Amino acid sequence: MSEFDNQFMRRAIELAEEGVASNVGGPFGAIVVYQNKIIGEGCNRVTSANDPTAHAEVVAIRQACTHLSHFQLHDCSIYTSCEPCPMCLGAIYWARPSRVYFGCTHADAAASGFDDHFIYDELQRDIAERSIPMENLLRSEALRVFELWKNKSDRKEY
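Residues numbered from 1 in each chain as written. Predicted model: local features only at pLDDT ≥ 70, side-chain atom pairs only at ≥ 80, totals over all residues. Heavy atoms only, no water.

Participant: Help me understand the overall build of the protein, please; the structure alone is not making it clear to me.
Facilitator: Helices and strands together make up the secondary structure of the protein, namely 7 helices and 4 strands. What you see in the protein, going N to C, is helices and strands ordered as α-β-β-α-α-β-α-β-α-α-α. Based on the C-alpha atoms only, the size of the protein along its principal axes is roughly 55 × 40 × 30 Å. Evaluated residue by residue, the protein yields a buried proportion of 33% over its 158 residues. Element-wise, carbon and sulfur atoms account for 54% of the exposed surface of the protein, whose accessible area totals about 10,700 Å². (Helix = DSSP H or I, 4+ residues; strand = E, 2+ residues; numbered from the N terminus. Buried < 20%, exposed > 50% of the residue type's maximum accessible area, 1.4 Å probe, protein only. Areas by Shrake-Rupley, 256 points an atom, 1.4 Å probe, with all protein chains shown as cover.)

Participant: What exactly am I supposed to notice about the environment of Ile31 here?
Facilitator: Structurally, Ile31 is set in strand S1 (residues 29–34). The spatial distance from the C-alpha of Ile31 to the C-alpha of Glu41 is 4.1 Å, given a sequence separation of 10 residues. Beyond its immediate sequence surroundings of up to four residues, Ile31 is in contact with Phe8, Arg11, Ala12, Leu15, Ile38, Gly40, Glu41, Ala60, Ser77, Ile78 and Tyr79. (Contact = heavy atoms within 4.5 Å.)

Participant: Please explain the nonpolar core as it appears in this structure.
Facilitator: One recurring pattern in soluble globular proteins is that nonpolar side chains are buried together. Grouped together as the largest cluster of nonpolar side chains are 16 residues, with contacts concentrated most on Val32, Ile39, Ile61, Ala64, Leu73, Cys76 and Ile78. Among the elements that line this core, the one with the most residues is helix H3 (residues 56–68), at 5 residues. Every residue in contact with Ile61, bar those within four places of it in the chain, is listed here: Val32, Leu73, Ile78, Ala91, Ile92 and Ala95. Listed in part, the 8 residues of the second largest apolar core include Phe8, Met9, Val33 and Tyr79. (Core = buried A, V, L, I, M, F, W, Y, C linked by side-chain atoms within 4.5 Å.)

Participant: I keep staring at the pairing of strand S4 (residues 99–104) and nothing clicks. Help me out?
Facilitator: Looking along a regular strand, one sees the side chains alternate between the two faces of the sheet. Bridging between strand S3 (residues 76–82) and S4 involves 5 bridges; their strand directions are parallel. From the neighbouring strand, Ile78 faces S4, where its bridge partner is Val100. Handedness of the crossover joining S3 and S4 through helix H4 (residues 86–95) is recorded here as right-handed. (Pairing = 2+ DSSP bridges. Right-handed = clockwise from strand over helix to strand, strands pointing away.)

Participant: Just to check I follow, could you spell out helix H7 (residues 139–151) for this structure?
Facilitator: For an α-helix, the turn length of 3.6 residues means that residues three or four places apart are oriented alike. Taking 1.5 Å as the rise per residue, H7 with 13 residues should run 18 Å; its terminal C-alpha atoms sit 19 Å apart, in good agreement. With 0 of its 13 residues buried, H7 lies for the most part at the surface. (Expected span 1.5 Å × (residues − 1).)

Participant: What's the story with the side chain of Glu122 in this structure? I'm lost.
Facilitator: Structurally, Glu122 is set in helix H6 (residues 117–124). Those residues in contact with Glu122 that sit more than four places away from it in its chain are Arg130, Ser131 and Ile132.

Participant: I'm lost on the pattern of salt bridges in this one. Help?
Facilitator: Side chains carrying opposite charge are able to pair once their charged atoms draw close together. Applying the stated criterion to the full structure yields 8 salt bridges. With a shortest N-O distance of 3.4 Å, Arg11 and Glu18 are connected by a salt bridge. The partly exposed category is assigned to Glu18, whose relative accessible area is 40%. In this structure, the salt-bridge partner of Glu122 is Arg125, at a minimum N-O distance of 2.6 Å. Accessibility expressed as a relative area gives 16% for Glu122, which makes it buried. The network of salt bridges with shared partners includes Arg11, Glu14, Glu18 and Glu41. (Salt bridge = Lys/Arg side-chain N within 4 Å of Asp/Glu carboxyl O.)

Participant: How should the pairing of S1 be read in this particular structure?
Facilitator: Counting buried positions along S1 yields 5 of 6 residues, so the element is predominantly enclosed. Direction of pairing for S1 relative to strand S2 (residues 37–43): antiparallel, over a ladder of 6 bridges. Bridging from a neighbouring strand, Ala30 pairs with Gly42 of S2. In textbook terms, the turn of a hairpin is the stretch between consecutive antiparallel strands, and for S1 and S2 this stretch comprises 2 residues, one of which, Gln35, has a positive phi near 50°. Alignment of S1 against S3, held across 5 bridges, turns out to be antiparallel. Looking across to S3, one finds that Val33 is bridged to Ser77.

Encoded structure:
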């Protein structure tokens, strides 16, 4: 770890503190760094934006992708005040940064009332056993879109 890493993590923690102080959402902050410069940052805004996806990591990733004019974060690092939840972890893997640093653990978050273990449990269950009913519907019609995608010569891969 470098002193830069410590400074960047402190900024993520500071964003979490600012979010708590301004009452915009939960106690989480995140930044995205490219070439030792912050290109995206955010704090949790779930309650103020009425958006369950407005987690700090997602807000920071969106801002960084806009900055880079690209949907992936190659050669970037993400610093987050807490270990990412399942949704943010998925977003991070889709964004493909080089590295992720986190402050608190998911156990620390659970001890503060932010327990997402039930989501990990749900992911392990068969679809028919999940707590939110899910049903496969019009699969053959929906599959046509994948055929269109596979046959599209000018598609942008990701």
